[in-house]
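Structural characterization, general
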Amino acid sequence: MATFNPLYLKVYNLLLNQIRSGKLKQGDKVPSEKELADQFDVSRITSKKALDLLSEENYIERIQGKGSFVIHSDTAIDASYSAMQDSSKRHLIGFILPGFDESYGVGLVKGIEKRCSELGFTILLKLSYGRKEIEEQAVNDFLDMGAEGLIVFPVHGEHVNNKLLELVSKNFPVVLIDRFIKGIPASFVCTDHRRATVELTNHLIKMGHREIGFISPPSEGTTAIEERVTGFHIAHSEQGVKLNRDYILTEIKNSMPIHEITESHVFKEDNMILDNFLKKHRSMTAIVACEHSIGEQVAAGLSRLGRRMPDDVSVVCFDSPENSRIQFTHIKQDEQNIAIKAVNLLKEKMLDSDFAVQQIFIPHTIIEGETAKAFSIK
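The structure displayed is predicted, hence computed values, not measured ones.

1. Brief notes about the pattern of salt bridges
If charged atoms from side chains of opposite charge come close, those side chains can pair. This model, assessed by the stated rule, comprises 18 salt bridges. Linking Lys 170 and Glu 166 is a salt bridge whose minimum nitrogen-to-oxygen distance equals 3.1 Å. For Glu 166, a relative accessible area of 24% puts it in the partly exposed group. Taking the shortest distance from any N to any O, the salt bridge between Asp 311 and Arg 308 comes out at 3.6 Å. You can call Asp 311 partly exposed: its relative accessible area is 34%.

So this is what it looks like as structure tokens:
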């Protein structure tokens, strides 16, 4: 069984092997933090941690202003080294996600924490708030802290996270959840967003609806949204229903929970776009909202126009929490299972660097709510 190997431990192991093999002898100067950082393409914090560990174990002596020097290369001093390789100790795992609420995300956080606790892992958690630069900084910070694997819920956007790409190319353990990223051959665990949207749209078609709208944020290379848009198209094709492309709106920029953004400038712009869309297409009898928060915005927009849900327009969405003020008919994702599978995949990758890339789709369910009804001509 292979051992866990974070970046600082890789530097540590190489230096230790040089000391124990006699390549670095007693009194020899060890490369500096900067030299090690350049050699291994890591941060100076990472190289410092490797040197500090060697110093703590009395392999080297660090003298301020002069550098680090080998004390001895006695192979008998192996106790702490062996302890470092003991897979029973707790290990740091980084978990990065844009945010979470009761509609989606809370279950992921709880599930990942629970499974990591069972395996003896300690979780480092960081919210990216949907910003790529925060996500990249979190990756760097976690590596510097000694994280031995990462679970990442990627932010929306068409630009690849270069740091994640670099780590995956170096075979560092990374598992993506909720979506995959084009161009990054990492394992991922998520709902089959395309199939889920096909089924949700078919649900409306079977209820007699033919004039169906679709509302989402811009896809911008985000596979989860792209897959849902594709699923909406496929459902019409499979059921022989003509798709009206004018009924597709992919310009809602803010998908935060509605109660968190009522003062947001972007939210006000979204309201204007949404109101104009709903006014222009009063012939729509049903709408598929890409996310729960967008479903709430649609409900509010219909109310502003004096239209009732579901009597005038049926609305369905993804991920409606049980305590929501509106009980939407929705796709329920299995967050618990997504979390467990993601942690298990990460563990396998940490134990075996040659572990093959896995693509796992977790089954979903449709939950009947109060926001959809059979269409009838008035």
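2. Some words on the packing of helix H8 (residues 193-206) against helix H9 (residues 223-239)
Their axes nearest at 7 Å, the elements H8 and H9 cross at an angle of 40°. Our classification of the angle between H8 and H9 gives oblique. The handedness of the crossing between H8 and H9 is right-handed. On the side of H8, the interface is formed by His 193, Arg 194, Arg 195, Thr 197, Val 198, Thr 201, Asn 202 and Ile 205, while H9 contributes Ala 224, Glu 227, Arg 228, Thr 230, Gly 231, Phe 232, Ile 234, Ala 235, His 236, Glu 238 and Gln 239. Taken together, the residues of the contact of H8 with H9 break down into six nonpolar, eight polar and five charged.

3. A few points about unusual backbone geometry
Cis rather than trans, the peptide bond between Met 309 and Pro 310 has omega equal to 10°. With respect to the element layout, Pro 310 can be found in the loop between helix H11 (292-304) and strand E12 (314-318). Despite not being glycine, Asp 319 shows a phi value in the positive range, around 65°. For Asp 319, the position within the fold is in the loop between E12 and strand E13 (329-332).

4. Comments concerning the packing of helix H1 (residues 7-21) against helix H3 (residues 44-56)
Here H1 crosses H3 at 50°, and the two axes come no closer than 8 Å. As the angle between them shows, H1 and H3 are arranged oblique. For the element pair H1 and H3, the recorded crossing hand is right-handed. Contacts between H1 and H3 involve Leu 7, Tyr 8, Val 11, Tyr 12, Leu 15 and Leu 16 on the former and, on the latter, Thr 46, Lys 49, Ala 50, Leu 51, Leu 53 and Leu 54. Of the residues that constitute the contact of H1 with H3, the class distribution is 10 nonpolar, one polar and one charged.

Analysis parameters
- Note that residues are indexed from 1 along each chain, following the sequence as it is written.
- Owing to the predicted nature of the model, reporting of local features is limited to residues with pLDDT of at least 70; listing and counting of side-chain atom pairs is limited to 80 or more, with chain, interface and lining totals taken over all residues.
- Note that water and hydrogens are dropped before the side-chain values are worked out from all heavy atoms of the structure.
- Here, a salt bridge means any Lys or Arg side-chain nitrogen found within 4 Å of an Asp or Glu carboxyl oxygen.
- Partly exposed residues are those whose accessible area sits between 20% and 50% of the maximum for their type, while under 20% is buried and over 50% is exposed, using a 1.4 Å probe and protein chains only.
- Lines fitted to the C-alpha atoms define the axes, with helices restricted to the stretch that makes contact. Angles between their N-to-C directions range from 0 to 180 degrees.
- Under the DSSP-based scheme used, a helix requires at least four consecutive residues in state H or I and a strand at least two consecutive residues in state E, with every element numbered from the N terminus.
- Angle categories are assigned with fixed cut-offs, so that under 35 degrees is roughly parallel, over 145 is roughly antiparallel, 65 to 115 is roughly perpendicular, and the rest are oblique.
- When the near helix sits turned anticlockwise from the far one by under a right angle, the crossing is termed left-handed; a clockwise turn instead gives a right-handed crossing.
- Here a residue-residue contact requires only that any non-hydrogen atoms of the pair lie within 4.5 Å.
- Ten residues, namely Ala, Val, Leu, Ile, Met, Phe, Trp, Tyr, Cys and Pro, are considered nonpolar, four, namely Asp, Glu, Lys and Arg, are considered charged, and the remaining ones, Gly among them, are considered polar.

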